Amino acid sequence: MSTYQWLLVFHVTGAFLLLGGGAFAASLNLMALGRDRPSDIVLLFGLIRIAVVAITLGTLLAFVFGLWLVHEAGYGYGDGWVIAAILLLILANAMGGMGGRRDEATAKLARELAASGDAPSAELKARVRDPLSLALSYGSGLVLIAL
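The present account deals with the structure reproduced in this document.

Rules used throughout
- Residues numbered from 1 in each chain as written.
- Predicted model: local features only at pLDDT ≥ 70, side-chain atom pairs only at ≥ 80, totals over all residues.
- Heavy atoms only, no water.
- Phe/Tyr/Trp six-rings, centres within 6.5 Å; stacked < 30°, edge-to-face > 60°.
- Buried < 20%, exposed > 50% of the residue type's maximum accessible area, 1.4 Å probe, protein only.
- Helix = DSSP H or I, 4+ residues; strand = E, 2+ residues; numbered from the N terminus.
- Contact = heavy atoms within 4.5 Å.
- Patch = residues over 30% accessible without salt bridge, like charges linked within 9 Å, V, L, I, M, F, W, Y side chains within 5 Å.
- Areas by Shrake-Rupley, 256 points an atom, 1.4 Å probe, with all protein chains shown as cover.
- Salt bridge = Lys/Arg side-chain N within 4 Å of Asp/Glu carboxyl O.
- Expected span 1.5 Å × (residues − 1).

**Digging into the packing of aromatic side chains**
Aromatic ring pairs are described here by two measures, namely the spacing of the ring centres and the angle between the planes.
Stage number 1. Under the definition given, this model contains four aromatic pairs.
Stage number 2. The interplanar angle of 90 degrees and the centroid separation of 5.3 Å between the aromatic rings of Tyr75 and Trp81 together place this pair among those described as edge-to-face.
Stage number 3. We classify Tyr75 as partly exposed; its relative accessible area is 47%.
Stage number 4. Among the aromatic residues, ring-to-ring pairing joins Trp6, Phe10, Phe65 and Trp68 into one connected group.

**Comments concerning unusual backbone geometry**
Stage number 1. One non-glycine residue with positive phi stands out, namely Asp118, at about 60 degrees.
Stage number 2. Exposure remark for Asp118: the relative accessible area of 18% places this residue in the buried category.

**Concerning the environment of Leu136**
Stage number 1. With respect to the secondary-structure elements, Leu136 resides in helix α5 (residues 131–146).
Stage number 2. Expressed as a C-alpha distance, the spacing of Leu136 and Met98, which sit 38 residues apart in the sequence, is 6.9 Å.
Stage number 3. For Leu136, the residues in contact, after removing those within four places along its chain, are Met95, Gly96, Met98, Gly99 and Arg102.

**Here we look at a nonpolar patch on the surface**
Stage number 1. Together, Met1, Trp6, Val9 and Phe10 make up a nonpolar patch on the protein surface, roughly 420 Å² of accessible area in all.
Stage number 2. A relative accessible area of 37% places Val9 in the partly exposed class.

**Side note on helix α2 (residues 38–73)**
Stage number 1. Spanning 36 residues, α2 covers 51 Å between terminal C-alpha atoms, matching the ideal 52 Å at 1.5 Å per step.
Stage number 2. Looking one or two residues past α2, Gly74 carries a phi angle of roughly 85 degrees, positive in sign.

**Brief notes about the pattern of salt bridges**
Stage number 1. The full count for this structure, using the stated rule, is four salt bridges.
Stage number 2. Close ionic contact of Arg37 with Asp118 constitutes a salt bridge, the shortest N to O distance being 3.1 Å. Taken together, the residues Arg37 in the loop between α1 (3–33) and α2 and Asp118 in the loop between α3 (80–115) and α4 (122–128) connect sequence positions 81 residues apart.
Stage number 3. Ionic pairing is found between Glu123 and Arg127, a salt bridge with its closest N-O pair at 3.8 Å. With Glu123 and Arg127 both in helix α4, this residue pair falls four residues apart, about one helical turn.
Stage number 4. The class for Glu123 is partly exposed, based on a relative accessible area of 47%.

Rendered as structure tokens:
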């Protein structure tokens, strides 16, 4: 196999990890929307950490090997599509990070409620369904799909 083909394998692997991790996180988030018990929400939000590992590794692989592919194929780093891809990747990660920080605060509340009786809470339900958190997280996924 040529250098280009090896670079392409690692770049595409990164893209699959990134999108697969995002889909896994989205499905766990959707499952959390239908739960009332704080312990269920703690479990589902905790599993999202696995998805974050895949997303992080996928982002790193796709970015590094994508830039290396640009060089190997003889394209310019200033080409419009290269700049657009980098900007979309940055935007998707920024949105996902902001949504994730908001979800971490929700998970903290869920852990506290689970430790003190595990009774359903209107405040927790509202935070799991927070429109801004959902828009940031799912918006990040849409940006990645566009990428």
